[in-house]
Amino acid sequence: MDILKIGRFELNVQKQELSYHAPDGASSSRKLSFREASILGMLIEAHGDIVENHILLLEFWDDDNVYNLNSLYVFMSRMKHILSADPSLKIINARGLGYRLIQF
């Protein structure tokens, strides 16, 4: 997996680094945790399709119990906040199913 691009963001999953390129030409980057980078990578690679909760939970927590589901909610909330810098991107919760990342 090389660099994944969506909107004004570039994600380097291997380095766990997310770069943002502002409309004015300025750039910034931030380190992500392994889970954040990997989950965001899965969402980008799904190209707008739903990534199911149980797949995420089994892949990154090895268990799909309710406590881990709450952790997933926290991760998604954090990712929504980070991606809010680009109004053309949105993480949508498909209630009871999973999440998808869409670009307008």
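Calculation notes
Residues numbered from 1 in each chain as written. Predicted model: local features only at pLDDT ≥ 70, side-chain atom pairs only at ≥ 80, totals over all residues. Heavy atoms only, no water. Helix = DSSP H or I, 4+ residues; strand = E, 2+ residues; numbered from the N terminus. Rg over C-alpha atoms; globule rule 2.2 N^0.38 Å. Buried < 20%, exposed > 50% of the residue type's maximum accessible area, 1.4 Å probe, protein only. Contact = heavy atoms within 4.5 Å. Areas by Shrake-Rupley, 256 points an atom, 1.4 Å probe, with all protein chains shown as cover. Salt bridge = Lys/Arg side-chain N within 4 Å of Asp/Glu carboxyl O. Arc of directions from axis to C-beta. Pairing = 2+ DSSP bridges.

Turning our eyes to something else, we now look at the overall build of the chain. Along the chain, the regular secondary structure elements total three helices and seven strands. Each helix and strand of the chain, placed in order from N terminus to C terminus, yields the pattern β-β-β-β-α-β-α-α-β-β. Taking 2.2 N^0.38 as the reference for a compact globule, 104 residues should give roughly 13 Å; the C-alpha atoms of the chain span a radius of gyration of 13 Å, in line with that estimate. C-alpha extents for the chain along the principal axes are approximately 45 × 25 × 20 Å. Of all 104 residues assigned to the chain, the portion counted as buried reaches 41%. Relative to all contacts within the chain whose residues are 6 or more apart in sequence, the contacts with residues 24 or more apart total 42%. Total accessible area on the chain stands at roughly 6,200 Å², and carbon and sulfur atoms take up 49% of it.

Across all of its chains, the model carries two salt bridges by this definition. Where K5 meets E10, a salt bridge forms, and the shortest distance between an N and an O atom there is 3.8 Å. Given the relative accessible area of 61%, K5 is considered exposed. The exposure class assigned to E10 is partly exposed, which follows from its relative accessible area of 24%. A salt bridge links E36 to R78; its shortest N-O distance comes to 2.8 Å. In this pair, E36 is assigned in helix 1 (residues 34-45) and R78 in helix 3 (residues 66-83), connecting sequence segments 42 residues apart. The class of R78 is partly exposed, set by a relative accessible area of 38%.

Another aspect to go through is helix 2 (residues 53-61). Within the sequence span of helix 2, burial applies to N53, L56, L57, F60 and W61. Take helix 2 and look down its axis: the buried residues cluster within an arc of 95 degrees, on one side only. Here the buried face of helix 2 lies against helix 1, strand 5 (51-52), helix 3 and strand 7 (98-103). A positive phi of about 60 degrees marks D62, the residue just after helix 2.

Moving on: the pairing of strand 6 (residues 89-94). Within a regular strand, side chains alternate between the sheet's two faces. Bridge count for strand 6 against strand 7 is six bridges, and the pairing is antiparallel. Paired with L89 across the strands is Q103, a residue of strand 7. Connecting strand 6 to the next strand, strand 7, in antiparallel fashion are three residues, including G96 with a positive phi near 80 degrees.

Phi at Q16 takes a positive value of approximately 55 degrees, unusual for a residue other than glycine. Residue position: Q16 is located in the loop between strand 2 (9-12) and strand 3 (17-21). The exposure class of Q16 is partly exposed, given its relative accessible area of 23%. For H47, which is not a glycine, the phi torsion comes out positive at approximately 50 degrees.

By themselves, these figures tell us nothing about what the structure is for.
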